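# What the coordinates show
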Amino acid sequence: MKKLSLVRLLPVIVLGLSSIATQIFLLREFLSLFQGNELVVGLILSTWMMLTGLGAFLGRFASRWALNIYLSSLLLILLAVLPLSTTICLRVLRNEVFQIGLMIGLMEIFVSSFIILLPICMISGFAFSHFVQRLSSQTESNETSRVYAWEALGGVIGGALFNIFLISYANTIQCFALLGMINLSAALMLVLQSPRKIMGLGIILFLFIGCGFALFSDLDRTTRAKLFPDQTLLVTQDSPYGNLTVTQQEEQLNFYENGVLLASSNDAVRAEESVHFALVQRERIESVLMISGAVTGSPKEVLKYSSASLDYLEANPWLISLTEQYTEFLSDSRILCIAEDARLFIRKTTKRYDAILLNLPEPATAQMNRYYTKEFFLDLQRCMNSDAVLSLGLLPETDYQSKQASVINSTMVQTLKSVFKNVVIVPGTRNYFLASDGGLSLNIAGLATKRGIQTTYVNENYLDDYLLQRRSLQILDRLSTSASLNLDFQPISYYQQVIHWLRYFSHTYWLMVLVALAFTSLLLFLNFTKISFGLLTGGFTATSLEVLYLILFQILFGSMYQIIGMLVTVFMAGLAAGTLLCPKIVPHVTMKQYGAMQLLLGAFSILSLIFLFYLGPEIASGTLIFAIIALFLFLIAFLVGMEFFTASKLQFGSVPLVSSKLYTTDLVGSALGAGLVALLILPLFGVLKTGIIIGAMSFVSGCVALLKKR
Amino acid sequence: MKSISKRAFIRYCILGSGSCMLPPHIGVGRSRLDTDFSPVLSHQQDLGKWSTEAFFYSVLPDGIKCSKCPNECLLGEGDSGICRNRVVEKGKLYSIAYGNPCAVHIDPIEKKPFYHFIPSTRSFSIAAAGCTFRCLNCQNWEISQVSPRETQNYDLMPERVVEECEKARCESIAYTYSEPTSFYEYAFRTATLARKKKIKNVWKSNGYINAPALRQLCTVIDAANIDLKSFDQDIYRRLSSGKLAPILEALKIFHGEGVWLEITNLVIPSWTDSLEMIARMCDWLVQNGLSECPVHFTRFTPLYKLTHLPMTPVLTLEKAREIALKAGVRYAYVGNVPGHRAENTFCHRCGKMIIERKGFQIAVNHIVGGVCNFCKERIPGVWG
């Protein structure tokens, strides 16, 4: 293998860096414009990979311009400009294309993400093929695997720089401006090698100034304000946990997280319901733990109980400071604010509480679901006094409980009942689930009067206890006693919530089947072979496991965004190392070795998941589990990197054909893995069976490689 | 010793007997309810007992034309209307929501909202699935945007509704939650029976109904609260897939036929919060003799598909109310803001507070025999 100088490899590294950074930040933009559940993430990621694969596929037809320096620089210039311009367009056009304030349906998300991502992803995929051809022409050998490895290394740098470091200090526009400058610098290096430099230099300089303007101007704020029409934008912050925005309209303050309203001021109903339904249950309330929701004003409701002190837990420290800055809800000395993930805090606290108020969004994502599982409820129970009350809210109030709502409520009641002796549902603006080992009453208004609590809404003027009981029992009447429990390792609630959300748009899971069929058709179109089959299952297994590990890690240790960024970076490093070191480990590749790699990958998937399944926080510390997960991720990515190298050597054909085919297949496999595992396989089958399904895929393709004659 | 009313005594007895502490297992104690319907899974595809031949349709050469609401669906064999609960079978139009409600509750009448109609009473409230609109912010989309074939329903024929209403000691039956125009036949029959028993009938609706159907309805309905969602045709189309003009016509008919009428205007930020538009709406109400109809400006909460919006600022609602009063609307209220001063009723003549409301309860009532106790002015409404 001929050596390539770093200068020649630089565009490839920049491509990798650019791809990962664009993906991270654009995905966040999409989630704040659309709806942030797993289905949407899966759909966007799948669209992303599919379009990138398509770009790589089309790249094969550009072989005659393999050494054209202008094409290389043009691609880098486009990769510099597109993320920034796409983000600006997204924000400015959101309320022009769609109705103001409208939640966008799955089909519209698919179509709009397809259109929006088309230029970026196609160019990114096209650039991969082009750089393979360029370097292959320079070295006169097939450089597919080397480009794959160096692109992954670029991903490592991008992941580290943007996802771990810059995400805390810069907003999206600034990050994209910086990314643009990096791409433009790489393009500049290429242009300087060309005979006619002036025009290229002029364009790059002009764009550099544009990026500089975006970096130092208020463009992020100006464009984001377009998302909140008729409101004055007071502050907008990109935190590692997502975007937080505070707006003002008349006298009212509105708090948004990723574009979704967290709370508006003067909402007594929500603040009171989330507190008093639970707290009136006990004569004396001394210690209360509230998990999130301070912006609604609920802390001041807790302090109406004269002897109460409040521990307020919020994973996002940015949200605590905004609440402190714009409200007085957290200013009382009886409130202790703790910026920590609830699961981590609960596991280590020695305090005992009289009530725990869970004011979190619904379990519509895997990340949120872990606050609604039996395991978490057991943890909560350990830090509750013997007759303490737990309160949580689900689904907005309606006058009818649909079958899907019954399914959701049944699972939650059964999960709570598996831990607590008594469970009741109090219908309010949401259905509030109260759980306790002591008695529970639906005589809410009567008790509020008895306790002498002064309220605006939770009192006998608004609530008729008899009617409240009636409604509560009507809900309970329709619940199933044989519903599945929501478990850490079988997170059924978020699947149920996604199904419920789909009903808003009369969509069903058919769309996923359609997307899967589209992928399959694409593969058939690409002349399916056992090499590509192996790569497809390799991509599928690797991405599925990456998703599974991330979900597992979050379940066990909370959503530590930087750590997740680190794990993604480790994965990219494994890919790069596997591809680069494969020739040293396996000097002469054969189909047998290719098959053996897949069998190894399959076995490793199953065994690693079994190992992690039984390695709970009781056995190992967070750091140790992080180290183990990082090691596993690295090894899996390493194996997939080796597979890619082997496939590139075994696959016959011209360089453009081989590179585009392998890269596309790998991406399609990854797209299937990202979509299907998070959305369907994990919630339905749980962690262990999912591991077996994932492993089986690699086993099958491995056997095909070993048994089938070429 | 503090005296308590008869109603309060009964309520305390009910609560005291059963609600102090629930038994350990959920669902126990259900028999305490004095109304105990069995949910019926009615997913029958054929027309069974829960269907009746629809009113207001005609057979045309190219299909069956339903003329109950301004959608005026032209349907072929097997088709169902926009409302999803009128279907064609064997050349006839049937309502498949008859005796088949999916929601049955008891609510305070103020919750509808009715502030000038038999206040402090309870209303036996029913709904069958279906709606003539497609509102983006529908609270009850799970029943309004589906057919009765898709919901879990109760077997509750009109006679039984009236019986249950009497048993629950409700003074009215409310046709509400979804769109009652879509289950018109069921509502009409129930209302007819209820009237014979001196039970009042209240209609909570989008007002999207054609004149003949409405005039017939007015013979059995005592009060209506109509959602006037905006005063702009384009907003109506985008927000609800409906038209403004028929609703304005319906308001005039309700009033002309002597049905007590209240109007709800949900103020949605960036959609229906233009004060200029609200002023035009109020002017129209006054010019068309509806100045005595109370108008409720209610606060929006993000729901259904309109989730990327804030709640309505209270100041906007207050401004809307001021505009209405200035235009000549005599009674304008702020809704969905608990504890707000504009939940109370102020005499249009002397300006004194004549009803002080605390939530759905009346704390002070200065209306005696339908007139203001201070200035003796007649206060429009049905006071009991």
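Predicted, not measured: the structure shown is a model, and the values here were computed from it.

How each quantity is defined
- Residues numbered from 1 in each chain as written.
- Chains lettered and ligands numbered in written order.
- Predicted model: local features only at pLDDT ≥ 70, side-chain atom pairs only at ≥ 80, totals over all residues.
- Heavy atoms only, no water.
- Helix = DSSP H or I, 4+ residues; strand = E, 2+ residues; numbered from the N terminus.
- Rg over C-alpha atoms; globule rule 2.2 N^0.38 Å.
- Contact = heavy atoms within 4.5 Å.
- Areas by Shrake-Rupley, 256 points an atom, 1.4 Å probe, with all protein chains shown as cover.
- Lys, Arg positive; Asp, Glu negative; His and termini not counted.
- Charge placed at Lys NZ, Arg CZ, Asp CG, Glu CD.
- Buried < 20%, exposed > 50% of the residue type's maximum accessible area, 1.4 Å probe, protein only.
- Buried area = accessible area lost by both parts, 1.4 Å probe.
- Salt bridge = Lys/Arg side-chain N within 4 Å of Asp/Glu carboxyl O.
- Polar contact = N/O pair within 3.5 Å; in protein donor to acceptor, adjacent residues only side chain to side chain.
- Nonpolar A, V, L, I, M, F, W, Y, C, P; charged D, E, K, R; others polar.
- Pairing = 2+ DSSP bridges.
- Phe/Tyr/Trp six-rings, centres within 6.5 Å; stacked < 30°, edge-to-face > 60°.
- Lys NZ or Arg CZ within 6 Å of the ring centre and 35° of its normal.
- pLDDT = per-residue confidence, 0-100.
- Core = buried A, V, L, I, M, F, W, Y, C linked by side-chain atoms within 4.5 Å.

## So, the overall build of chain A
Secondary structure summary: chain A contains 24 helices and 11 strands in total. Over its C-alpha trace chain A gives a radius of gyration of 27 Å, about what one expects of a compact globule, namely 27 Å for 710 residues. With the principal axes as the frame, chain A shows a C-alpha extent of 85 × 60 × 45 Å. At a minimum sequence separation of 6, the contacts of chain A that also span at least 24 residues come to 77%. Approximately 24600 Å² of chain A is accessible, and the part contributed by carbon and sulfur atoms is 66%. Mean positive and mean negative side-chain charge positions of chain A (48 and 44 charges, respectively) differ by 14 Å.

## Structural notes on the overall build of chain B
When you go through chain B residue by residue, the secondary structure sums to nine helices and 21 strands. Per-residue burial over chain B gives 59% buried out of 384 residues. By sequence separation, contacts in chain B at least 24 residues apart represent 66% of the contacts at least 6 residues apart. For chain B, the exposed surface amounts to about 14600 Å²; the carbon and sulfur share of it is 52%.

## Notes on the interface of chain B and chain A
Contact residues are listed per partner, giving 70 residues for chain B and 69 residues for chain A. For the pairing of chain B and chain A, the buried interface totals around 6200 Å² over both sides, and the portion due to carbon and sulfur atoms is 53%. Between chain B and chain A we count four salt bridges in total. Here D464 of chain A ties to R122 of chain B by a salt bridge, and the two come within 2.7 Å at their closest N and O atoms. The interface formed by chain B and chain A includes 31 residue pairs in polar contact (both at pLDDT 80 or more). If you list the elements that add at least two residues to the side of chain B that touches chain A, you get α1 (6-18), β8 (103-108), α2 (141-144) and α9 (314-327) of chain B. It is β8 of chain B that provides the largest number of residues to the side of chain B that touches chain A, a total of six residues. Here the residues of the side of chain B that touches chain A sort into 35 nonpolar, 19 polar and 16 charged.

## Some remarks on the sheet that holds strand β3 (residues 57-60) of chain B
Residues and elements named next belong to chain B. Pairing within the open sheet is antiparallel, and its three strands lie in the order β3-β4-β5. Lying at the two open borders of the sheet, with one neighbouring strand each, are β3 and β5 (74-75). Bridge count for strand β4 (residues 63-66) against β5 is two bridges, and the pairing is antiparallel. Within β5, the residue paired with K65 across the bridge is L74.

## Here we look at the packing of aromatic side chains
A ring pair, where both rings are aromatic, is described by two values, the distance of the centres and the angle of the planes. Going through the model one piece at a time under the given rule, you end up with 34 aromatic pairs over all chains. Note on F133 of chain B and Y236 of chain B: the rings are 6.1 Å apart at their centroids and 70 degrees apart in plane angle, and the pair reads as edge-to-face. Residue F133 of chain B is found in the loop between β9 (122-127) and α2, and its partner Y236 of chain B is found in helix α6 (residues 233-240); the two are separated by 103 residues along the sequence. Overall, Y236 of chain B belongs to the buried group, its relative accessible area being 1%. An aromatic cluster is present here, built from W501, Y504 and F505 of chain A together with W141 and Y304 of chain B joined pairwise through their rings. Across from the ring centre of Y115 of chain B, 4.1 Å away, lies the NZ or CZ of R357 of chain B, which sits over that ring.

## Details of the confidence of the model for chain B
Residue and element names in this part refer to chain B. Taken over all residues, the pLDDT of chain B has a mean of 89, while the share at 70 or more is 88%. Scored below 50 in pLDDT, residues 1-35 shows 56 contacts in the model against residues more than four places distant or in partner chains. At the level of chain-chain contacts, confidence expressed as ipTM amounts to 0.86, with global pTM at 0.88.

## Topic: the nonpolar core
In terms of nonpolar packing, the biggest core is built from 242 residues, with F124, W203, L251 and F297 of chain B touching the most fellow members. It is helix α23 (residues 622-650) of chain A that contributes the most residues to this core, 17 residues altogether.

## Points about the side chain of E643 of chain A
Residues and elements named next belong to chain A. Within the secondary structure, E643 is located in helix α23. In this structure E643 comes out as buried when scored by relative accessible area, which is 1%. Filtering out sequence-adjacent residues up to four positions away, E643 remains in contact with G534, L535, G538, Y594, M597, Q598 and L601.

## Thoughts on the pattern of salt bridges
Using the criterion set out here, one finds 40 salt bridges over all chains in the structure. The salt bridge partner of R91 of chain A is E29 of chain A, with a shortest N-O separation of 2.7 Å. Residue R91 of chain A is found in helix α3 (residues 69-97), and its partner E29 of chain A is found in helix α1 (residues 6-33); the two are separated by 62 residues along the sequence. Take R91 of chain A and E29 of chain A: they sit in the same class, and that class is buried. With its nearest N and O atoms 2.9 Å apart, the salt bridge here joins D227 of chain B to K204 of chain B. Here D227 of chain B is found in strand β13 (residues 223-227), whereas its partner K204 of chain B is found in strand β12 (residues 200-205), with 23 residues between them in sequence.

## A look at the sheet that holds strand β17 (residues 345-346) of chain B
Residues and elements named next belong to chain B. Here three strands make up an open sheet; going across it, the order is β17-β18-β19 and the pairing antiparallel. At either margin of the open sheet sits one strand with a lone partner, and together these are β17 and β19 (361-365). Sheet topology places β17 next to strand β18 (residues 353-358); two bridges connect them, and they run antiparallel. Across the sheet, the residue bridging to F346 is M353, located in β18.

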